[in-house]
Amino acid sequence: EAGVTQSPTHLIKTRGQQATLRCSPISGHTSVYWYQQALGLGLQFLLWYDEGEERNRGNFPPRFSGRQFPNYSSELNVNALELEDSALYLCASSLGQRVTQYFGPGTRLLVL
Amino acid sequence: AQSVTQPDIHITVSEGASLELRCNYSYGATPYLFWYVQSPGQGLQLLLKYFSGDTLVQGIKGFEAEFKRSQSSFNLRKPSVHWSDAAEYFCAVALGDSGYSTLTFGKGTMLLVSP
């Protein structure tokens, strides 16, 4: 069974640009979560989508947004990129709203 | 709000020696508890989880963890460490309420294994 997949693996952008990160959950999972892992800041919760709806949001500015598609895949958009957005962005999925989350390999975003 | 503390930033263990990584949580009720491992440049792999029942939980790769309510702890153990266990380990907590399952992570403990 395929795990959570994320694309691209690496992304290089310049300050002010927009970045789009993609995530495909484990087959049958309807919940998708996004986390940011920045150097020195640890793992921080960004967004949670379930059944196409945003269920919860972490303490991040509105330029971090996303959506979940009918096939439960998800997209994270980061607008007006800042240098401190450089981080590993991890996507996780779970079966419905059950708490056990399974993580993908991440997308490493570098903002120059 | 719940919080998770991993007091050790780095731990070095000799190969073959036993390992214990500490995790303390702050939450009014019994949360759901997890340990994840992250190899360099990789995502997180679930090692084990505790929801309820037996307080000693077995996981993958020979790891186990013990939930101690009185100490608000969920320490990870392994009787004999292998060089391939070198990685960063994260303890995480989730609220058990329905529909609110985001994870709060500790800062992580980096495990170094010496020959």
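Before reading further, recall that the structure is shown in the block above.
Bear in mind the structure is a predicted one, so any value in this text is a computation, not a measurement. (Residues numbered from 1 in each chain as written. Chains lettered and ligands numbered in written order. Predicted model: local features only at pLDDT ≥ 70, side-chain atom pairs only at ≥ 80, totals over all residues. Heavy atoms only, no water.)

Caption draft 1: Fine view of unusual backbone geometry. A cis amide bond links A:Ser7 with the next residue in sequence, A:Pro8, at an omega value of -10°. Structurally, A:Pro8 is set in the loop between strand E1 (5-7) and strand E2 (10-13). One non-glycine residue, B:Lys61, adopts positive backbone phi at about 60°. Within the secondary structure layout, B:Lys61 lies in the loop between strand E7 (56-58) and strand E8 (64-68). Looking at B:Lys61, the relative accessible area reads 46%, which means it is partly exposed. At B:Ser72, a residue that is not glycine, the phi angle is positive and equals roughly 50°. Within the secondary structure, B:Ser72 sits in the loop between E8 and strand E9 (73-78). Judged by its relative accessible area of 24%, B:Ser72 is partly exposed. (Helix = DSSP H or I, 4+ residues; strand = E, 2+ residues; numbered from the N terminus. Buried < 20%, exposed > 50% of the residue type's maximum accessible area, 1.4 Å probe, protein only.)

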